[in-house]
Amino acid sequence: MASDQNPGIALLSLDGGRWETHGALTQIHVIEDILDQYEFENDLEAGSVKVSDVFDYIVGTGIGGLVGCMLGPLGMSTVDAKGAYIRLWNSNFLAKSQSSERTEVLTSALKNLLDAKPEGVDNLLSETKMINVAH
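Residue numbers restart at each chain and count upward from 1, following the sequence in its written direction. Where local features are concerned, this predicted model is filtered to residues with pLDDT of at least 70; where side-chain atom pairs are given and counted, the filter is 80 or more; whole-chain, interface and lining totals use all residues. Values reported for side chains reflect all heavy atoms of the structure, with hydrogen atoms and water molecules removed beforehand.

Engineer: It is not clear to me how the overall build of the chain should be interpreted in this structure. Could you clarify?
Structural biologist: From N to C terminus, the chain includes 6 helices and 2 strands. Shown N-terminal to C-terminal, the secondary structure of the chain runs as helices and strands in the order β-α-α-β-α-α-α-α. The buried share of the chain, reckoned over its 135 residues, is 33%. For the chain, the proportion of contacts with a sequence separation of at least 24, taken over those separated by at least 6, is 64%. Secondary structure elements follow DSSP: runs of H or I no shorter than four residues count as helices, runs of E no shorter than two count as strands, and numbering proceeds from the N terminus. The buried label applies to any residue whose accessible area, calculated with a 1.4 Å probe on protein chains only, is under 20% of its type's maximum; exposed applies above 50%, and partly exposed to all values in between. In what follows, a contact means two residues having at least one pair of non-hydrogen atoms within 4.5 Å.

The structure is reproduced here in structure tokens:
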């Protein structure tokens, strides 16, 4: 997050990556390390910092976009995001060979996450702009 000591914008960009390699799980683990370091450097309680406390903007493509929604607007912890990712993996996502089929699965997963959103997220989601660009 931008501060007097570190002016500018902190942007977290999550790549869709290769689903088969669990790239999103690796990204979430790296984010956990960043949050742990931030908490340590600022003498904060472990697990007290959310991704949105550190990054001004969170963007992503494909599964990275879904993870970005989980960690940003939905305010999920990295532990909860990993669980949601694993549930999506178990939904047989890889069996979908067409890009349009995978898009449908990701869209459905996002809708399910929004339906189960934590309290207090409504206002944040109304301010969040989501853009779907179909190829």
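Engineer: Is there a simple way to explain the packing of helix H3 (residues 63-71) against helix H4 (residues 78-90) in this structure?
Structural biologist: Two quantities define a packed helix pair, namely the angle between the axes and the distance from one axis to the other. Contact geometry of H3 with H4 gives a least axis separation of 10 Å together with a crossing angle of 145 degrees. Like other packed secondary-structure pairs, H3 and H4 cross with a definite hand, here right-handed. On H4, the residues touching Ile-63, Leu-66, Met-70 and Leu-71 of H3 are Thr-78, Ala-81, Ala-84, Tyr-85 and Leu-88. Each axis is a line fitted through C-alpha atoms, and for a helix only the stretch in contact is used; angles between axes span 0 to 180 degrees, taken between their N-to-C directions. By convention the crossing between two helices is left-handed if the near helix lies anticlockwise of the far one by an angle smaller than a right angle, and right-handed if it lies clockwise.

Engineer: Where do I start with the confidence of the model for the chain in this structure?
Structural biologist: When pLDDT drops low, the exact placement of atoms in the prediction is not to be read closely. pLDDT: the predictor's confidence for each residue, scored from 0 to 100. Across the chain, the average pLDDT comes to 76, with 70% of residues at or above 70. Within the model, pLDDT remains below 50 along residues 123-128, and this stretch shows 7 contacts once partners closer than five positions in the same chain are excluded. In the model, residues 130-135 has pLDDT below 50 throughout and makes 2 contacts with residues more than four positions away in sequence or in other chains.

Engineer: Explain H4 to me, please; I cannot follow it from the model alone.
Structural biologist: Think of an α-helix as 3.6 residues a turn; residues three or four steps apart then line up on the same face. Helix span is expected to be 1.5 Å times the residue number reduced by one. Counted at 1.5 Å a residue, the expected span for H4 with its 13 residues is 18 Å, and the 18 Å between its end C-alpha atoms agrees. Taken together, the buried positions of H4 are Thr-78, Ala-81, Lys-82, Ala-84, Tyr-85 and Leu-88. The arc that holds the buried residues of H4, viewed along the axis, is 165 degrees, so those residues lie on one side. For H4, the exposed residues set more than 90 degrees away from the buried face come down to Val-79, Arg-87 and Asn-90. Regarding the arc, it is the one traced by the directions from the helix axis to the C-beta atoms.

Engineer: Any chance you could explain a nonpolar patch on the surface here in plain terms?
Structural biologist: Nonpolar side chains (Val, Leu, Ile, Met, Phe, Trp, Tyr) within 5 Å and like charges within 9 Å form the patches, drawn only from residues with over 30% relative accessible area and no salt bridge. Residue exposure ignores everything except the shown protein chains as possible cover, and the areas themselves are Shrake-Rupley values with a 1.4 Å probe. Here, a salt bridge means any Lys or Arg side-chain nitrogen found within 4 Å of an Asp or Glu carboxyl oxygen. Taken together, the side chains of Ile-9, Leu-11, Tyr-57 and Val-59 make up a nonpolar region of the molecular surface, amounting to roughly 420 Å² of accessible area. Looking at the secondary structure, you find Leu-11 in strand S1 (residues 11-14).

Engineer: Please explain the nonpolar core as it appears in this structure.
Structural biologist: Generally speaking, a soluble globular protein has its nonpolar side chains buried in company with each other. Counting residues in hydrophobic clusters, the biggest one holds 29 residues, and the most contacted among them are Leu-66 and Met-70. If you list the elements that add at least two residues to this core, you get S1, helix H1 (23-41), helix H2 (51-54), H3, H4 and helix H5 (99-115). What makes a nonpolar core is a set of buried Ala, Val, Leu, Ile, Met, Phe, Trp, Tyr and Cys residues whose side-chain atoms join them at distances within 4.5 Å.

Engineer: How should I be thinking about the pattern of salt bridges in this particular structure?
Structural biologist: Side-chain pairs of opposite charge can arise whenever the charged atoms involved come near each other. In the structure shown here, the tally under the stated rule is 1 salt bridge. The residue Lys-82 makes a salt bridge to Glu-32 at a minimum N-O spacing of 3.2 Å. In this pair, Lys-82 is assigned in helix H4 and Glu-32 in helix H1, connecting sequence segments 50 residues apart. Note on accessibility: Lys-82 and Glu-32 belong to one class, buried.

Engineer: Is there a simple way to explain the packing of H1 against H4 in this structure?
Structural biologist: Closest axis-to-axis distance for the H1/H4 pair is 10 Å, and the angle between their directions is 175 degrees. It follows from the interaxial angle that H1 and H4 lie roughly antiparallel. Contact residues: H1 offers Gly-23, Ala-24, Leu-25, Ile-28, His-29, Ile-31, Glu-32 and Leu-35, while H4 offers Thr-78, Val-79, Ala-81, Lys-82 and Tyr-85. Residue classes in the contact of H1 with H4 are distributed as 8 nonpolar, 3 polar and 2 charged. If an angle is under 35 degrees, it is roughly parallel; if it is over 145, roughly antiparallel; if it lies from 65 to 115, roughly perpendicular; otherwise it is oblique. The classification used treats Ala, Val, Leu, Ile, Met, Phe, Trp, Tyr, Cys and Pro as nonpolar, Asp, Glu, Lys and Arg as charged, and all other residues, Gly among them, as polar.

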